[in-house]
Amino acid sequence: MSLPEIVSRDQWRAARAELLDKEKAATRARDALNAERRGLPMVEVDEEYVFEGGDGKATLLDLFEGRRQLVVYHFMFAPEWDAGCRSCSGFLDQIGHLAHLKARGTSFAAVSRAPFPKILPFKARMGWTVPWYSSHGSDFNRDFEVTLEREGELFERTGLSCFLRDHDRVFHTYSTYERGLDGLGSTTSLLDLTALGRQEVWEEPKGRASALGAPAGSERVRYHDEYDD
């Protein structure tokens, strides 16, 4: 194994300061990229998808649970599989308490092609409480390019899609796949993919910080059992 070079404390501080400049530049570049993402156009979802979840049949609008935004994790679980994807399982293990997303008007759900009776025992085995729906029998996975066909065979790929609700109209704002999911899982990393972002006053474009009529920034953060959802 190749280990880092051993240096004095002063040498380490100098090297750390040099790297910090690059880290700050990367943060500014990420903020600019997030702003450009929030500037993407959106497309209305006209298809009447039907999902199955813990409360029975549901539409895409139902998955919002009355909130303004929805983040869908496309969990690889084909109908013929006996268990969900290991990599997808590792991703879902990283998802934090959903109360912090909900406080910013954003719901989160996993969606898979496997029938719900297959999803339910696997979800219980993993100990997850996040909403998880089956898209079995619909074109949802195909339409959002996570179930693809190659030489007559279907194959799955992981992905994540963001949606925005305007009353009863649903719009698709963003999707990313495979390596695009690297580093995701925290509340802020997921919000950065959405049209409304973190809803902070410093974000561009202006005006979205007050989209939910609540204080922005740290003033909005609570213990997860203190939110009035």
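Just above sits the structure.
Residues numbered from 1 in each chain as written. Predicted model: local features only at pLDDT ≥ 70, side-chain atom pairs only at ≥ 80, totals over all residues. Heavy atoms only, no water.

Q: A description of the packing of aromatic side chains should follow, citing residues and the corresponding values.
A: Inspection of every chain in the model, using the stated rule, returns 16 aromatic pairs. Measuring from ring centre to ring centre gives 5.0 Å for phenylalanine 51 and phenylalanine 140, while their planes differ by 80°; the resulting arrangement is edge-to-face. With a gap of 89 residues between them, phenylalanine 51 in strand β2 (residues 50-53) and phenylalanine 140 in helix α6 (residues 140-143) connect regions that are remote in the sequence. A single burial state applies to phenylalanine 51 and to phenylalanine 140, both of which are buried. Between phenylalanine 140 and phenylalanine 144 the ring centres are 4.9 Å apart and the planes differ by 45°, which places this aromatic pair in the tilted class. Note on accessibility: phenylalanine 140 and phenylalanine 144 belong to one class, buried. Members of the aromatic cluster, connected to one another through ring pairs, are Tyr73, Phe75, Phe77, Phe91, Phe122, Trp128 and Trp132. Here arginine 37 stacks its cationic end above the ring of tyrosine 174, 4.9 Å away from the centre of that ring. Directly above the aromatic system of phenylalanine 155 lies the positively charged group of arginine 150, at a separation of 4.3 Å from the ring centroid. (Phe/Tyr/Trp six-rings, centres within 6.5 Å; stacked < 30°, edge-to-face > 60°. Helix = DSSP H or I, 4+ residues; strand = E, 2+ residues; numbered from the N terminus. Buried < 20%, exposed > 50% of the residue type's maximum accessible area, 1.4 Å probe, protein only. Lys NZ or Arg CZ within 6 Å of the ring centre and 35° of its normal.)

Q: Tell me about the nonpolar core, residues and numbers included.
A: Of all hydrophobic cores here, the largest spans 29 residues; its most connected members are Tyr73, Phe75, Leu92, Ile95, Phe108, Trp132 and Leu160. Sequence-distant contacts of phenylalanine 75, that is, excluding residues within four places in its chain, are made with Gly84, Cys85, Cys88, Ser89, Leu92, Ala110, Val111, Ser112, Phe122, Trp128 and Trp132. (Core = buried A, V, L, I, M, F, W, Y, C linked by side-chain atoms within 4.5 Å. Contact = heavy atoms within 4.5 Å.)

Q: Residue-level account of helix α1 (residues 9-38), with values.
A: With 30 residues, α1 extends 42 Å from end C-alpha to end C-alpha; this agrees with the ideal 44 Å at 1.5 Å per step. Every buried residue of α1 is listed here: Asn34, Arg37 and Arg38. Tucked into the core, α1 has its buried residues touching β10 (169-177). (Expected span 1.5 Å × (residues − 1).)

Q: Now, about the environment of arginine 142: what can you tell me, with residues and values included?
A: Within the element layout of this structure, arginine 142 appears in helix α6. Given the relative accessible area of 41%, arginine 142 is considered partly exposed. Residues arginine 142 and aspartate 225, spaced 83 residues apart in sequence, show a C-alpha to C-alpha distance of 38 Å. When sequence neighbours within four positions are dropped, the list of residues in contact with arginine 142 reads Thr147, Glu149 and Leu154.

Q: Hey, could you go over helix α3 (residues 86-93) for me, with residue numbers and the actual values?
A: Of all the positions in α3, only Cys88, Ser89, Phe91 and Leu92 are classed as buried. Here the buried residues of α3 occupy an arc of 160° about the axis, which is enough to place them on one side. Along α3, the residues that are exposed and aim more than 90 degrees away from the buried face are Arg86, Ser87 and Asp93. The secondary structure elements touched by the buried residues of α3 are β4 (69-74), β5 (106-112), α5 (116-126) and β9 (159-166). (Arc of directions from axis to C-beta.)

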